[in-house]
Amino acid sequence: MNKTRRKFLKQSGQVGLGVGLLGLTACSQKIVETAAAAKMIDTSDLFFDISLAQWSLNKAFFGGKLDNLDFASKAKNAFGITAIEYVNQFFKDKGDDMAYLKEMKMRADDNGVKSLLIMVDREGDLGNLDEMKRKQAVENHYKWVEAAKFLGCHSIRVNAAGQGTASEVSAAAADGLGRLSEFAEQEGMNVIVENHGGYSSNGKWLTAVMNKVNMDNCGTLPDFGNFCIKRKAGGCEEEYDRYKGVTELMQHAKAVSAKTHDFDEKGNEVNTDYMKMMKIVKDAGYRGYVGIEYEGSEMAADEGIIATRDLLLKVGKALS
């Protein structure tokens, strides 16, 4: 995926990398948003572009404080980001509602925001061992392929989930993904799989599934933090090495998810060495979008997004 180099219009106001992150009141939050909106982030000197994953604001969307139709405006005006990644859960009954999709597209276009992909969940397991249920899951995703195409996206993000042994689910997932990718190919769209728990969080396993599918429009969306293979109460029982996993998945990557949770006093993510991780991304030859996906609880969502954005800018400048 070639990165389009571009310079944004310079506007008055400056956005430093050291935006205050703690103790924001409702009033100061507006100040931060106004400051961010005063200048769009400039990634022209970086080897990647920056996008915002809608899941970063999931609490606000689920809680009714934000409406899906306002996502594009929020990304641009609060964070200076002009590329977005949707989550179907926030408009789950609108996948084939053309009037609604036209409004979404208009809102994005009016704000000069590019729609990149739709993350699709809860449409059935593409790795279901039952062929009829797997076929139904594949067909359930069709409307999201068409919706993503209409919005101007390049992909839908799906899950390679299923119940059974690793080899059984691998074979079933390859079949389900292959069928869906054949449909998406006719629409000029990609189907990309995220490491998202279970077998899919094993980089070697998911890479093998990609090789079985063996289609140009079927790829991966490596997530820096989703490498828990087996969970237990209160945490993760078995975790795959995140740096090894991202290295393995980057060979098929068509998007990248910059997962963050917590930051130290210097603005570094405490769970992931971003300099090391982004070098893996660069060394793989990737030149596309890296999507911010903040999932922490210590900071408010807006603060966490800003912290992730600034970390990516800092690391990107050091590596570019």
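Residues numbered from 1 in each chain as written. Predicted model: local features only at pLDDT ≥ 70, side-chain atom pairs only at ≥ 80, totals over all residues. Heavy atoms only, no water.

Novice: Help me get a handle on the pattern of salt bridges, residues and values and all.
Specialist: By the definition in use, this model includes 20 salt bridges. The salt bridge involving Glu194 is made with Arg157; its shortest N-O contact spans 2.7 Å. Of this pair, Glu194 sits in strand β5 (residues 190–194) while Arg157 sits in strand β4 (residues 155–158); the two residues are 37 residues apart in sequence, bridging distant segments of the chain. Here the two residues Glu194 and Arg157 agree in accessibility, since each one is buried. In this structure, the salt-bridge partner of Lys230 is Glu237, at a minimum N-O distance of 3.8 Å. Look at Lys230 and you get partly exposed, because its relative accessible area is 44%. Taken together, the shared-partner salt bridges in this structure form one network comprising Glu131, Arg134, Asp175 and Arg179. (Salt bridge = Lys/Arg side-chain N within 4 Å of Asp/Glu carboxyl O. Helix = DSSP H or I, 4+ residues; strand = E, 2+ residues; numbered from the N terminus. Buried < 20%, exposed > 50% of the residue type's maximum accessible area, 1.4 Å probe, protein only.)

Novice: An account of the pairing of strand β7 (residues 228–232) is needed here, citing residue identities and associated values.
Specialist: For β7 and strand β8 (residues 235–239), the ladder comprises 4 bridges, and the chain directions are antiparallel. Pairing of Lys232 across the sheet is with Gly235, part of β8. Between β7 and β8, which pair antiparallel one after the other, the connecting turn spans 2 residues, and Gly234 there sits at a positive phi close to 85 degrees. (Pairing = 2+ DSSP bridges.)

Novice: Which residues make up the state of the cysteines, and what are the values?
Specialist: Counted under the stated rule, the structure contains 1 disulfide. The partner cysteine of Cys228 in its disulfide is Cys236, sulfur to sulfur 2.2 Å. Judged by the torsion about the S-S bond (110 degrees), the Cys228/Cys236 disulfide is right-handed. On the basis of relative accessible area, Cys228 is assigned to the buried category, the value being 8%. Residue Cys236 is classed as partly exposed on the basis of its relative accessible area, which comes to 28%. (Disulfide = S-S within 2.5 Å.)

Novice: Provide a residue-level description of the layout of surface pockets, including the pertinent values.
Specialist: Space inside the largest pocket adds up to approximately 850 Å³. Taken together, 44 residues line the largest pocket, and the ones lying closest to its centre are His196, Gly197, Ser201, Asn226 and Arg231. Secondary structure elements with two or more residues in the lining of the largest pocket: β4, β7, β8 and β9 (256–260). For the lining of the largest pocket, the element with the highest residue contribution is β8, accounting for 3 residues. By residue class, the composition of the lining of the largest pocket is 12 nonpolar, 19 polar and 13 charged. (1 Å grid on protein atoms, 1.4 Å probe; cavity = no way out; pocket = protein on both sides within 12 Å on 5 of 7 lines; lining within 4 Å. Points joined across faces, edges and corners; volume = space filled by probe spheres on them. Nonpolar A, V, L, I, M, F, W, Y, C, P; charged D, E, K, R; others polar.)

Novice: Please provide a residue-by-residue account of the pairing of strand β2 (residues 83–87), values included.
Specialist: Judged by how many residues are buried, β2 sits mostly within the fold: 5 of 5 residues are covered. Relative to β2, strand β1 (residues 49–53) is paired through 2 bridges, and the arrangement is parallel. Counterpart to Leu52 in the pairing with β2 is Ile84. Pairing analysis gives 5 bridges linking β2 to strand β3 (residues 114–119), with the strands arranged parallel. Bridged to Ala83 within β3 is Lys114.

Novice: Explain helix α9 (residues 242–249) to me, using residue names and the numbers behind them.
Specialist: Most of α9 is tucked away: 6 of the 8 residues are buried. Among all positions of α9, only Arg242, Tyr243, Gly245, Val246, Glu248 and Leu249 are buried. Residues of α9 that are buried sit in contact with α8 (203–213), β6 (218–221), β8 and α10 (274–283). (Contact = heavy atoms within 4.5 Å.)

Novice: I'd love a proper account of empty space enclosed by the protein, names of residues and values included.
Specialist: Sizing a probe to match a water molecule and rolling it over the atoms shows the empty space that remains. Counted under the stated rule, the structure contains 2 cavities of 30 Å³ or more. Its volume calculated, the second largest cavity comes out at about 30 Å³. Around the second largest cavity, the lining comprises 10 residues; the ones closest to its centre are His154, Lys254, Ala255, Tyr286 and Tyr289. Across the lining of the second largest cavity, the residue classes tally to 6 nonpolar, 2 polar and 2 charged.

Novice: Can you explain the confidence of the model for the protein chain? Please cite residues and give values.
Specialist: Here the protein chain shows a mean pLDDT of 90. Residues at 70 or above account for 88%. Every residue in residues 1–38 scores below 50 in pLDDT, and together they form 73 contacts with partners more than four places removed in sequence or on other chains. (pLDDT = per-residue confidence, 0-100.)

Novice: Before we move on, can you summarise the side chain of Thr207 with the specific residues and values?
Specialist: With respect to the element layout, Thr207 can be found in helix α8. Those residues in contact with Thr207, other than ones at most four positions away along the chain, are Glu248, Leu249, Gln251 and His252.

Novice: Explain the packing of helix α4 (residues 98–110) against helix α6 (residues 142–151) to me, using residue names and the numbers behind them.
Specialist: Interhelical geometry of α4 versus α6 gives an angle of 35 degrees and a closest axis separation of 9 Å. Read as a crossing pair, α4 and α6 show a hand that is right-handed. Taken together, the residues of α6 that come into contact with α4 (itself represented by Met98, Leu101, Lys102, Met104 and Lys105) are Ala147, Phe150 and Leu151. Considered class by class, the residues forming the contact of α4 with α6 number 6 nonpolar, no polar and 2 charged. (Axes fitted to C-alpha atoms, helices over the stretch in contact; angles between N-to-C directions. Left-handed = near helix turned anticlockwise from the far one by under 90°.)

Novice: So, the packing of helix α5 (residues 131–140) against helix α7 (residues 166–186): which residues are in play, and what are the values?
Specialist: Between α5 and α7, whose axes approach to 9 Å, the crossing angle comes to 35 degrees. By crossing handedness, the relation of α5 to α7 is classed as right-handed. Contacts from Glu131, Arg134, Lys135 and Val138 of α5 reach α7 at Ala172, Asp175, Gly176, Arg179 and Leu180. Across the contact of α5 with α7, the residue classes tally to 3 nonpolar, 1 polar and 5 charged.

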